[in-house]
Amino acid sequence: MDRNKLVFANWKMNLDINSSTKLIKEILCRNLNYKNIDVVVAPPFVYLSEINNMLKNSQLRLSSQNVFYNDNGAFTGEISHEMLKDLGCEWVMIGHSERRIHLFETNEMINKKIIFSCKKDFNVIFCIGESYEERQKGKTFDVIKNQLNESLKNIENKYLHKIVIGYEPIWAIGSGSIPDLKDIQETHNFINHHLNEIYPNCDNLPRIVYGGSVDDSNIDSIMSLKNVDGVLVGSASLDCKKFCDIVLSVGK
Ligand code: 13P
């Protein structure tokens, strides 16, 4: 089945209101053609409303960087799906390694967030990936298998087309260099294989995108790999030229 490629911009905790709106304005001015490609930006929560107003009539889609697994109530500091819908979000990012490390998110919490997001009809980018130590010890596939099994538990086939797996080796994030292409290929093949094992005979399996030091200089080689359906971009998504060059490469 032919599926759209994805370019997902994770701004993390960067920029301010002026630089955020300036960046969006610059991207929109480039008038990129998004045929056969989904392009999604995930700014910090506090800029979503302003950016949503700018994206009306554009093909650029909006995501949050996190969400909670309840509708409302005594959950200080958390944000619900309905709140995100009010701000124009159609996507949520779940399980980023920075949240697992600094906010102690577990696979169990991530599973609840994915289930809730599916029921609320959101598109989900669900992040997985191994640490440097885990890779050194040859545990990459075990870690990934466990993240997939525990976080996708009880998720029905009918929701899978709304889920994208973001494979981000933690040690490649922000390092300025990507792993060997053969290692990226091997891991994406493994993820694809394991998804087929969990969901046999399913023709709408999640797309799999790569993240970790993606930029305009390595995008073509990453996209030449099999089972790579797009990219998850951090620091290069804060630079209009680099980001638009990445979108153009993925879309060609
Ligand atoms: P960098 O592109 O800055 O390495 O960040 C990747 C990332 O964490 C995207 O979610």
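Residues numbered from 1 in each chain as written. Predicted model: local features only at pLDDT ≥ 70, side-chain atom pairs only at ≥ 80, totals over all residues. Heavy atoms only, no water.

*Asks:* Lay out the pattern of salt bridges in plain terms, naming residues and giving numbers.
*Replies:* With the rule as written, the count across this model stands at 17 salt bridges. The residue Lys158 makes a salt bridge to Glu156 at a minimum N-O spacing of 3.8 Å. Residue Glu156 is classed as partly exposed on the basis of its relative accessible area, which comes to 42%. Within the structure, one salt-bridge network assembled from shared partners comprises Asp71, Glu82, Lys85 and Lys120. (Salt bridge = Lys/Arg side-chain N within 4 Å of Asp/Glu carboxyl O. Buried < 20%, exposed > 50% of the residue type's maximum accessible area, 1.4 Å probe, protein only.)

*Asks:* Please give an account of helix α1 (residues 17-29) that cites residues and values.
*Replies:* Compared with an ideal rise of 1.5 Å per residue, which puts 13 residues at 18 Å, α1 spans 18 Å between its outermost C-alpha atoms and is within 8% of the ideal. For α1, the full list of buried residues reads Ser20, Thr21, Leu23, Ile24 and Ile27. The buried residues of α1 occupy an angular sector of 155 degrees when the element is viewed end-on, so they sit on one face. Facing away from the buried side of α1, by more than 90 degrees, are the exposed residues Asn18, Lys22, Lys25 and Cys29. Looking at the buried positions of α1, the neighbouring elements they touch are β2 (37-42), α2 (48-55) and α10 (240-251). Measuring from the side-chain oxygen of the N-cap residue of α1 to the backbone nitrogen of Asn18 gives 3.2 Å; that N-cap residue is Asp16. Downstream of α1 by one or two residues, Asn31 has phi in the positive range, about 50 degrees. (Helix = DSSP H or I, 4+ residues; strand = E, 2+ residues; numbered from the N terminus. Expected span 1.5 Å × (residues − 1). Arc of directions from axis to C-beta. Contact = heavy atoms within 4.5 Å. Polar contact = N/O pair within 3.5 Å; in protein donor to acceptor, adjacent residues only side chain to side chain.)

*Asks:* Any chance you could break down unusual backbone geometry for me, citing the residues and the numbers?
*Replies:* Peptide bonds are trans in most cases, and residues, glycine excluded, mostly fall at negative phi. At Lys12, a residue that is not glycine, the phi angle is positive and equals roughly 55 degrees. Within the chain, Asp121 stands out as a residue other than glycine whose phi angle is a positive 65 degrees. Structurally, Asp121 can be placed in the loop between α5 (107-119) and β5 (123-128).

*Asks:* Can you break down the sheet that holds strand β8 (residues 230-233) residue by residue, with the values?
*Replies:* Read around the closed barrel, the 8 strands follow the order β1-β2-β3-β4-β5-β6-β7-β8; overall the barrel is parallel. Between one strand axis and the next, the sheet turns through 25 degrees on average, direction left out of account. Strands β5, β6 (163-167) and β7 (207-211) of the sheet are contacted by helix α8 (residues 181-198), whose axis makes an angle of about 150 degrees with β7. (Pairing = 2+ DSSP bridges. Axes fitted to C-alpha atoms, helices over the stretch in contact; angles between N-to-C directions.)

*Asks:* Give me the lowdown on the site of the ligand, citing residues and values where you can.
*Replies:* Taken together, Asn10, Lys12, His96, Glu168, Ile173, Gly174, Gly212, Ser213, Leu232, Gly234 and Ser235 make up all the residues around the ligand. One of the side-chain N or O atoms of Lys12 is found 2.8 Å from an oxygen atom in the ligand. Among the residues making up the shell around the ligand, the classes are represented as 2 nonpolar, 7 polar and 2 charged. (Near = heavy atom within 4 Å. Nonpolar A, V, L, I, M, F, W, Y, C, P; charged D, E, K, R; others polar.)

*Asks:* Break down the packing of helix α7 (residues 140-151) against α8 for me, citing the residues and quoting the values.
*Replies:* Between α7 and α8, the shortest axis-to-axis distance is 11 Å and the interhelical angle comes to 40 degrees. As the angle between them shows, α7 and α8 are arranged oblique. The handedness of the crossing between α7 and α8 is right-handed. Residues Thr140, Phe141, Ile144, Lys145, Leu148 and Asn149 of α7 pack against Glu186, Thr187, Phe190, Ile191, His194, Leu195 and Ile198 of α8. Along the lines of polarity and charge, the residues of the contact of α7 with α8 split into 7 nonpolar, 4 polar and 2 charged. (Parallel < 35°, antiparallel > 145°, perpendicular 65-115°, else oblique. Left-handed = near helix turned anticlockwise from the far one by under 90°.)

*Asks:* How would you sum up the packing of aromatic side chains? Please name residues and give values.
*Replies:* Remark: the centre distance and the inter-plane angle together describe each pair of aromatic rings, the angle taken between the planes. Under the defined criterion, the tally for this structure stands at 6 aromatic pairs. Aromatic side chains Phe68 and Tyr69 sit 4.3 Å apart centroid to centroid with 25 degrees between the ring planes, which places their arrangement in the stacked category. Judged by centre distance (6.4 Å) and plane angle (70 degrees), the rings of Tyr132 and Trp171 are edge-to-face. Of this pair, Tyr132 sits in helix α6 (residues 132-136) while Trp171 sits in the loop between β6 and α8, and the two are 39 residues apart along the sequence. The class of Trp171 is partly exposed, set by a relative accessible area of 25%. Taken together through their ring pairs, the aromatic side chains of Phe68, Tyr69 and Phe75 make up a single cluster. (Phe/Tyr/Trp six-rings, centres within 6.5 Å; stacked < 30°, edge-to-face > 60°.)

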